[in-house]
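Breakdown of the fold
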Amino acid sequence: MIRPRLGWSLPRVFAHRCGGALAPENTLAGLRIAARLGVRAVEFDVMLSADGSPWLIHDETLERTSNGVGAVCETRDACLRALDAGAYRHAAFTGEPLPSLEAAARLCRQLRLMVNVEIKPAAGFEATTGAVVARCVRELWAGVELPLLSSFSEVALAAAREAAPELPLGSLFERPPADWLARVNRVAALSLHCAAASLDDEVLRSARANGIPVLCYTVNEPQAAAALFARGVMAVFSDRFDCVGEN
Ligand code: G3P
Ligand code: MG
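This structure is a prediction, so every number in the text was calculated from the model and none was measured.

Thresholds, definitions, all that
Residues numbered from 1 in each chain as written. Chains lettered and ligands numbered in written order. Predicted model: local features only at pLDDT ≥ 70, side-chain atom pairs only at ≥ 80, totals over all residues. Heavy atoms only, no water. Helix = DSSP H or I, 4+ residues; strand = E, 2+ residues; numbered from the N terminus. Rg over C-alpha atoms; globule rule 2.2 N^0.38 Å. Areas by Shrake-Rupley, 256 points an atom, 1.4 Å probe, with all protein chains shown as cover. Lys, Arg positive; Asp, Glu negative; His and termini not counted. Charge placed at Lys NZ, Arg CZ, Asp CG, Glu CD. Buried < 20%, exposed > 50% of the residue type's maximum accessible area, 1.4 Å probe, protein only. Contact = heavy atoms within 4.5 Å. Salt bridge = Lys/Arg side-chain N within 4 Å of Asp/Glu carboxyl O. pLDDT = per-residue confidence, 0-100. Pairing = 2+ DSSP bridges. Right-handed = clockwise from strand over helix to strand, strands pointing away. Donors = N, O, S within 2.8 Å, 3.2 Å for Na, K, Ca; no water. Near = heavy atom within 4 Å. Polar contact = N/O pair within 3.5 Å; in protein donor to acceptor, adjacent residues only side chain to side chain. Nonpolar A, V, L, I, M, F, W, Y, C, P; charged D, E, K, R; others polar. Phe/Tyr/Trp six-rings, centres within 6.5 Å; stacked < 30°, edge-to-face > 60°. Lys NZ or Arg CZ within 6 Å of the ring centre and 35° of its normal.

With respect to the overall build of the protein chain
Per the secondary structure count, the protein chain includes eight helices and nine strands. In terms of C-alpha radius of gyration, the protein chain reaches 17 Å, essentially the compact-globule figure of 18 Å for 247 residues. For the protein chain, the spread of C-alpha atoms along the principal axes amounts to about 50 × 40 × 35 Å. Element-wise, carbon and sulfur atoms account for 53% of the exposed surface of the protein chain, whose accessible area totals about 10,500 Å². Looking at the protein chain, you have 25 positive and 28 negative side-chain charges, and the mean spots of the two groups are 6 Å apart.

Digging into helix α5 (residues 154-163)
Looking at α5, one finds that the buried residues are Ala-156, Leu-157, Ala-159, Ala-160, Arg-161 and Ala-163. Structurally, α5 contributes buried residues whose contacts are with β4 (114-119), α4 (126-140), β5 (148-151) and β6 (169-173).

Some remarks on the pattern of salt bridges
Per the counting criterion, the structure on display carries 12 salt bridges. For Glu-25, the salt bridge is made with Arg-17, and the minimal N-O distance between the two is 3.1 Å. You'll find Glu-25 and Arg-17 in the same group, each marked buried. With its nearest N and O atoms 2.7 Å apart, the salt bridge here joins Asp-59 to Arg-64. Overall, the relative accessible area of 38% leaves Arg-64 in the partly exposed class. One salt-bridge network, held together by shared partners, links Arg-17, Glu-25, Asp-59 and Arg-64.

Quick notes on the confidence of the model for the protein chain
On average, residues of the protein chain score 97 in pLDDT, and 99% of them are at 70 or above. Within the protein chain, helix α8 (residues 222-231) has the poorest average pLDDT of any element, 96, and strand β3 (residues 54-56) the best, 99.

Overview of the pairing of strand β9 (residues 235-238)
Here β9 shows two buried faces, one formed by Ala-235 and Phe-237 and the other by Val-236 and Ser-238. Where strand β8 (residues 214-217) and β9 come together, two bridges link them in parallel fashion. Pairing of Cys-216 across the sheet is with Val-236, part of β9. Tracing the backbone out of β8, into α8 and back to the parallel element β9 gives a crossover that is right-handed.

So, the coordination of the magnesium ion (ligand 2)
Listed as protein donors to the magnesium ion (ligand 2) are Glu-43 (OE), Asp-45 (OD) and Glu-118 (OE); their distances from the metal cover 2.0 to 2.1 Å. Within one chain, the residues donating to the magnesium ion (ligand 2) are spaced in sequence as E-x1-D-x72-E. Exposure class is identical for Glu-43 and Asp-45. Each is buried.

Structural notes on the site of ligand 1
By nearness alone, every residue bordering ligand 1 is listed as His-16, Arg-17, Glu-43, Asp-45, His-58, Glu-118, Lys-120, Phe-152, Leu-172 and Tyr-217. With respect to ligand 1, the side chain of Glu-118 contributes an N or O atom lying 2.8 Å from an oxygen atom. In the model, an oxygen atom of ligand 1 is placed 2.7 Å from a nitrogen or oxygen of the Lys-120 side chain. Expressed as a share of its isolated accessible area of 300 Å², the protein-covered part of ligand 1 is 93%. By residue class, the composition of the shell around ligand 1 is three nonpolar, two polar and five charged.

A closer look at the packing of aromatic side chains
As enumerated under the stated definition, the model contains three aromatic pairs in all. Plain terms: the ring middles of Phe-14 and Phe-237 are 5.1 Å apart, the flat faces sit at 35 degrees to each other, and that makes the pair tilted. Here the residue Phe-14 occupies a position in strand β1 (residues 13-15), and Phe-237 occupies one in strand β9, the gap between them amounting to 223 residues. Residue classification places Phe-237 among the buried positions, given a relative accessible area of 3%. What links up through ring pairs into an aromatic cluster is the set Trp-8, Phe-14 and Phe-237. The ring centre of Phe-229 lies 4.0 Å from the NZ or CZ of Arg-12, which sits over that ring.

Here it is, written out as structure tokens:
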């Protein structure tokens, strides 16, 4: 099995949802803050619109993080383009757009941020989302270090693998199931991503034995991060950039 590798070394911390707690989630403002504070890598969530285009958003619906209403997968690009995705967080972020994957890629390249794109399909769109995101990532990051693609959806990961076999993948679980290694191998994933609270030492031991880095979300306390690193975790997704000392 050929496991596509990263062209960059894993950092200790990925800014979660672009800018962690310092900006509205999944926005360009978050990317700028992360870069300004010296973060080397960011994670963000990507979902398809009604037009099948990839946009940065976490929820299947627009209400929590924008002034839009309804399902992302039923909303046209023209409508998403007009939304405010900043004011919900703080008035200072009013006018912050909902970013397309293209806009986020452009800015990440400019700021030299390494990226973990989390494929976040709306229910029923798993395969399409995986394939579209993989093809877009291949195109948008052509000639530079490719992002790491991850997903809770194994259907999305399999579709991404088929659409762009060269991309490094991460298998994402809340709690790794007993057969996690077989699942990681099925899509030739590079890394295992899971909730910090549900990581047990047997999983870590087996990951180490198989050369699979483990990345944990969401870790916001420095002591918790230090304890995970001491156990062998390679990186954490965090809302706090000062969560680890040396990045
Ligand atoms: O990819 C790690 C983490 O972002 C997964 O959880 O819900 O924040 O996307 P969530
Ligand atoms: Mg995420």
